[in-house]
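Analysis of the macromolecular model
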Amino acid sequence: MDQSAALRLHEAMLLTRLTEERLVKLFRQGHTMGSVYRSLGQEATACATAMALGPEDVIGPMIRDLGAMLVRGVQPEEVFLQYLGRATSPTGGRDHNNHFGGLARGIVAPSSMLGALVPVMAGVALSFRQRKEPRVAMTWIGDGGSSTGAFYEGMNFAVVQRLPLIVVGEANGFAFSTPPERQMGVPFAARAQGASTLVVDGNDAAEVYAAARTARQRCLDGQGPVFLVCETFRLAGHAEHDDQRYVDPALLEAWRRKDPIPRFEAWMSGQGWSPEPGLAARLEGALSAAADRALAAPWPEPRELAAGLFASCGPLPPHGSRPHDPQ
Ligand SMILES: Cc1ncc(C[n+]2csc(CCOP(=O)(O)OP(=O)(O)O)c2C)c(N)n1
């Protein structure tokens with residue numbers, strides 16, 4: 001990784017953390033719609049994987065991967081507007097606070113149905129291969145989400161078709177309050193049979209970035225999908241309503257000491273590189289202004305509620321008026 005990529009990656013991780021901190025404040029002030037699903041401690045996994053992609057690649061993040069969205073160009077103000085349910089938010093005040101993306105910037109919107117994005121992104125990867133385009137699709141899955149049928153179906157399809165798909169496995173300690181050994185019979189990394197699997201320290205941003213670059217190259221070389229397992233830890237509850245009482249405080253403390261942001265700063269310093277002076281203050285100032293603008297943004301009009309819910313294909317013909325299907 002060169003200096004410019006390192007500086008961008010560091011800023012992305014810091015921006016992710018500070019944006020989420022601002023969201024937590026908005027949540028506690030009673031402004032947000034729904035809870036806040038933080039990626040505290042996992043920023044390296046979300047940011048460094050997305051950063052390793054090319055501009056033509058397409059991502060389908062999980063709801064906890066705000067960092068990947070920010071790397072792809074989502075603005076914190078859009079995030080605030082979406083959480084506040086305002087008319088000028090990406091979805092016009094509809095749907096969940098983190099269900100938005102935008103195909104124009106190569107983001108298939110996160111979905112709450114765990115595993116569902118694996119077959120969807122395998123389909124995206126299939127379209128790249130059919131069109132002979134040198135692009136890859138990337139999605140993320142938690143250890144819990146990998147227990148779904150959708151994960152296995154999508155992964156197997158990608159293996160059989162040798163699709164350019166990277167599935168980032170977020171081994172982050174718990175699926176809500178369930179530890180891996182209570183919900184899976186084999187190690188997480190053994191769950192993508194047939195795919196090439198890489199296991200990395202998910203809190204080491206430089207290592208995650210390098211592995212994601214390797215994964216992308218394997219995909220472009222036609223070697224089929226890669227399962228990139230990042231060992232990390234969720235340093236906050238599942239969402240703001242979860243106080244993590246099921247986690248041993250000593251374990252939490254051990255992972256706090258592996259915080260990916262200071263670790264990456266130390267790595268950068270070893271390369272002789274240092275972040276822009278006052279970076280956190282600059283980002284804080286911009287986030288504060290963005291949050292204020294979002295709080296002042298208009299609410300959706302009630303009469304707009306159903307707009308865009310259904311395709312406009314005209315009224316349904318009356319029963320019995322349709323011609324019979326030709327045999
Ligand atoms: C198919 C499906 N089953 C159950 C849920 C409810 N649910 C939401 S988050 C969650 C735990 C997810 O754990 P994991 O996949 O490990 O991701 P993490 O939250 O640890 O990032 C569950 C069970 C869901 N959203 N989708």
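Up top is the structure.
Parameters at a glance
- Residues numbered from 1 in each chain as written.
- Predicted model: local features only at pLDDT ≥ 70, side-chain atom pairs only at ≥ 80, totals over all residues.
- Heavy atoms only, no water.
- Helix = DSSP H or I, 4+ residues; strand = E, 2+ residues; numbered from the N terminus.
- Expected span 1.5 Å × (residues − 1).
- Buried < 20%, exposed > 50% of the residue type's maximum accessible area, 1.4 Å probe, protein only.
- Salt bridge = Lys/Arg side-chain N within 4 Å of Asp/Glu carboxyl O.
- Near = heavy atom within 4 Å.
- Areas by Shrake-Rupley, 256 points an atom, 1.4 Å probe, with all protein chains shown as cover.
- Nonpolar A, V, L, I, M, F, W, Y, C, P; charged D, E, K, R; others polar.
- Right-handed = clockwise from strand over helix to strand, strands pointing away.
- Pairing = 2+ DSSP bridges.
- Axes fitted to C-alpha atoms, helices over the stretch in contact; angles between N-to-C directions.
- Parallel < 35°, antiparallel > 145°, perpendicular 65-115°, else oblique.
- Left-handed = near helix turned anticlockwise from the far one by under 90°.
- Contact = heavy atoms within 4.5 Å.
- Core = buried A, V, L, I, M, F, W, Y, C linked by side-chain atoms within 4.5 Å.

1. Quick notes on helix α5 (residues 117-130)
Note: α-helices contain 3.6 residues per turn, so residues at a spacing of three or four share the same orientation. Taking 1.5 Å of rise per residue, the 14 residues of α5 would be expected to cover 20 Å, and the 20 Å separating its terminal C-alpha atoms lies within 8% of that figure. Every buried residue belonging to α5 is among Leu117, Val118, Met121, Ala122, Val124, Ala125, Leu126, Ser127 and Phe128, and all of these are buried.

2. Quick word on unusual backbone geometry
Here the phi dihedral of lysine 132 falls at roughly 55 degrees; this positive angle occurs in a residue that is not glycine. Within the secondary structure layout, lysine 132 lies in the loop between α5 and β2 (137-142). The phi torsion at glutamine 244 lies on the positive side, around 60 degrees, for a residue other than glycine.

3. Quick word on the pattern of salt bridges
One pass over the full model with this rule turns up 17 salt bridges. The closest approach of N and O atoms between glutamate 253 and arginine 256, which form a salt bridge, is 3.2 Å. Of this pair, glutamate 253 and arginine 256 both sit in helix α8 (residues 249-256), three residues apart, which is roughly one turn of that helix. Judged by relative accessible area, which is 33%, glutamate 253 ranks as partly exposed. With relative accessibility at 41%, the residue arginine 256 sits in the partly exposed group. Across the salt bridge formed by arginine 282 and glutamate 276, the nearest N and O atoms sit 2.7 Å from each other. If you follow the salt bridges from partner to partner, you end up with Glu11, Glu276 and Arg282 in one network.

4. Examining the site of the ligand
The local shell around the ligand holds 13 residues, among which Arg64, Ser112, Gly144, Gly145 and Phe174 are the closest. When isolated, the ligand has an accessible area of 590 Å², and the protein chains bury 69% of it. Among the residues forming the shell around the ligand, the class breakdown is five nonpolar, six polar and two charged.

5. Some words on the pairing of strand β3 (residues 165-171)
Counted residue by residue, β3 has seven buried out of seven residues, so it is predominantly covered. This β-α-β element, β2 to helix α6 (residues 149-161) to β3, shows right-handed connectivity. Alignment of β3 against strand β5 (residues 226-231), held across six bridges, turns out to be parallel. When the sheet's bridge partners are listed, valine 167 is paired in β5 with phenylalanine 227.

6. Focus on the packing of α5 against α6
As a packed pair, α5 and α6 sit with axes 8 Å apart at the nearest point and diverge in direction by 20 degrees. Classified by the angle between their axes, α5 and α6 sit roughly parallel to one another. Considering only the axes of α5 and α6, their crossing is left-handed. Here α5 contributes Val118, Pro119, Ala122, Leu126 and Arg129 to the contact with α6, which in turn contributes Ala150, Phe151, Gly154, Met155, Phe157, Ala158 and Gln161. Class assignment for the residues of the contact of α5 with α6 results in nine nonpolar, two polar and one charged.

7. Remarks on the nonpolar core
A general feature of soluble globular proteins is that nonpolar side chains tend to end up buried together. Leu9 and Ile166 are the most contacted members of the largest nonpolar core, which totals 62 residues. For this core, the element with the most residues is helix α1 (residues 3-28), which contributes 11 residues. Those residues within four positions of isoleucine 166 in sequence are excluded, and the remaining contacts are Leu53, Val136, Ala137, Met138, Thr139, Ala212, Ala215, Arg216, Cys219, Val226 and Leu228. Among the nonpolar cores identified, the runner-up in size contains 26 residues, and Val58, Leu117, Val118 and Ala122 belong to it.

8. Here we look at the sheet that holds β2
Judged by pairing direction, the sheet is parallel, and its five strands sit side by side in the order β1-β2-β3-β5-β4 without closing on themselves. This sheet does not close on itself; its edge strands, each paired only once, are β1 (58-60) and β4 (196-201). Direction aside, the axes of adjacent strands within the sheet are offset by 20 degrees on average. Pairing of β2 with β3 involves six bridges; the strand directions are parallel. The residue bridging tryptophan 140 from the neighbouring strand is valine 168, located in β3. Its contacts with the sheet place α6 against β2, β3 and β5, and it is angled at close to 145 degrees to β3.

9. Details of the environment of leucine 18
Within the fold, leucine 18 resides in helix α1. Taking relative accessible area as the criterion, leucine 18 reaches 8% and is therefore assigned buried. C-alpha of leucine 18 to C-alpha of glutamate 284: the two residues are 266 residues apart in sequence and 7.0 Å apart in space. Not counting residues within four places of it along the chain, the set of residues in contact with leucine 18 comprises Ala280, Leu283, Glu284 and Leu287.

The values are spatial; any link to function lies outside them.
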